[in-house]
Amino acid sequence: KNEVEQSPQNLTAQEGEFITINCSYSVGISALHWLQQHPGGGIVSLFMLSSGKKKHGRLIATINIQEKHSSLHITASHPRDSAVYICAVYGWSDKLIFGTGTRLQVFP
Amino acid sequence: EAQVTQNPRYLITVTGKKLTVTCSQNMNHEYMSWYRQDPGLGLRQIYYSMNVEVTDKGDVPEGYKVSRKEKRNFPLILESPSPNQTSLYFCVTGAPDQPQHFGDGTRLSIL
């Protein structure tokens, strides 16, 4: 079993829909990252969380440390949100552990 | 502007021909990493460096070397590339408990 599991693996939505991507992990952590990988391959950092909730524009990230779970929400989705969203956690080692990503496609 | 610059962006080469992928950052970060990304396997760490002259193996270090002679540069060296090193490579700066800054990636094909 992977230490970081994301669901769903693939997600299709219509423009304007509210989207939720989930990340569950099995290790104790001190930080969790949400990353976005564009269709061209480039990766940008969206959020880093250690507790609570963060919001940036239409994106909201939440984390529940006790339940070892984080969610990434996209409100009013748009075709330009189409990307792979990757969750990564920082736990007991000196490195990040990555999920395998959720591929999101938003259609007009 | 915060930047992580990787070169080259694309490279097609042949087995056994030594190559270097350069990485340079302007954020004065101590922690730098190299990752490879393969379909179905996600991002896997090759090597990381916590400071100048301090490097350590990640999960998949075989066939790779790195050096950290200055804080800003962290080159990835493939001394004798093989086809199983065909992949998408990322240089990343920032400690694991800090925001991560990714280079644009290097698509490497080894024939």
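Just so you know, these numbers come straight off a predicted model, no measurement behind them.

*Asks:* What exactly am I supposed to notice about the state of the cysteines here?
*Replies:* Covalently bonding the sulfur atom of one cysteine to the sulfur atom of another cysteine gives a disulfide. All names here are of chain B. Within this structure, the stated rule accounts for two disulfides over all chains. A sulfur-sulfur separation of 1.9 Å characterises the disulfide bridge that pairs C23 with C91. Note on the C23 and C91 pair: the S-S dihedral is about -70 degrees, so by sign convention the disulfide is left-handed. With C23 in strand β3 (residues 19-25) and C91 in strand β9 (residues 87-93), this residue pair connects regions lying 68 residues apart in the sequence.

*Asks:* Got a minute to help me understand empty space enclosed by the protein in this structure?
*Replies:* With a probe scaled to a water molecule rolled over the atoms, the places where space remains empty come into view. A full pass over the atoms with the stated rule returns one cavity of 30 Å³ or more. Each pocket or cavity is described by its volume, and for the largest cavity that value is around 40 Å³. Lining of the largest cavity is provided by A:G40, A:G41, A:G42, B:R9, B:Y10, B:L88, B:D104, B:G105 and B:R107. By residue class, the composition of the lining of the largest cavity is two nonpolar, four polar and three charged.

*Asks:* Can you help me understand the sheet that holds strand β1 (residues 4-7) of chain A in this one?
*Replies:* Backbone-to-backbone hydrogen bonds pair the strands of a sheet. The strands run either parallel or antiparallel. Residues and elements named next belong to chain A. Read from one edge of the open sheet, five strands run β1-β3-β8-β7-β6, paired in antiparallel fashion. In the strand order of this sheet, the two ends are held by β1 and β6 (52-56), each with one partner. Across the sheet, the axes of successive neighbouring strands diverge by a mean angle of 15 degrees, strand direction being ignored. Alignment of β6 against strand β7 (residues 59-64), held across five bridges, turns out to be antiparallel. Among the inter-strand pairings, H56 is bridged to a residue of β7, identified as L59.

*Asks:* Would you take a moment to explain the interface of chain B and chain A for this structure?
*Replies:* How big an interface is tends to be stated in terms of the accessible area lost upon association of its parts. Every contact between the two is made by 19 residues of chain B and, on the other side, 17 residues of chain A. For the pair chain B and chain A, the two sides together bury roughly 1,500 Å², of which 61% comes from carbon and sulfur. Sorting the residues of chain B by area buried against chain A places B:L43, B:P96 and B:F102 first, and these three jointly supply 32% of that buried surface. Joining chain B to chain A, the criterion identifies one salt bridge. The residue A:K95 makes a salt bridge to B:D59 at a minimum N-O spacing of 2.1 Å.

*Asks:* Please clarify how the sheet that holds strand β8 (residues 76-78) of chain B should be interpreted in this entry.
*Replies:* Residues and elements named next belong to chain B. Here we have four strands laid out as an open sheet, ordered β1-β3-β8-β7, and antiparallel in their pairing. Looking along the sheet, the strands with just one partner apiece sit at the ends: β1 (4-7) and β7 (65-66). Here β3 runs beside β8; their pairing, made up of three bridges, is antiparallel. Bridged to V21 within β8 is L76.

*Asks:* Help me understand the layout of surface pockets, please; the structure alone is not making it clear to me.
*Replies:* As a volume, the largest pocket reaches approximately 610 Å³. In this structure, the largest pocket is lined by 27 residues; those nearest its centre are A:Q37, A:V84, A:T100, A:R103 and B:Q37. The set of elements that each furnish at least two residues to the lining of the largest pocket consists of β9 (83-90) and β11 (102-107) of chain A together with β4 (32-38), β5 (42-51) and β9 of chain B. Here the lining of the largest pocket takes four residues from β11(A), the largest share from any one element. Residue classes in the lining of the largest pocket are distributed as nine nonpolar, 15 polar and three charged. Its boundaries defined by the atoms lining it, the second largest pocket holds a volume of some 340 Å³. Around the second largest pocket sit 16 residues that line it, and A:I97, A:F98, B:L41, B:L43 and B:R44 are the ones nearest its centre.

So, how was this worked out
Residues numbered from 1 in each chain as written. Chains lettered and ligands numbered in written order. Predicted model: local features only at pLDDT ≥ 70, side-chain atom pairs only at ≥ 80, totals over all residues. Heavy atoms only, no water. Disulfide = S-S within 2.5 Å. Helix = DSSP H or I, 4+ residues; strand = E, 2+ residues; numbered from the N terminus. 1 Å grid on protein atoms, 1.4 Å probe; cavity = no way out; pocket = protein on both sides within 12 Å on 5 of 7 lines; lining within 4 Å. Points joined across faces, edges and corners; volume = space filled by probe spheres on them. Nonpolar A, V, L, I, M, F, W, Y, C, P; charged D, E, K, R; others polar. Pairing = 2+ DSSP bridges. Axes fitted to C-alpha atoms, helices over the stretch in contact; angles between N-to-C directions. Contact = heavy atoms within 4.5 Å. Buried area = accessible area lost by both parts, 1.4 Å probe. Salt bridge = Lys/Arg side-chain N within 4 Å of Asp/Glu carboxyl O.

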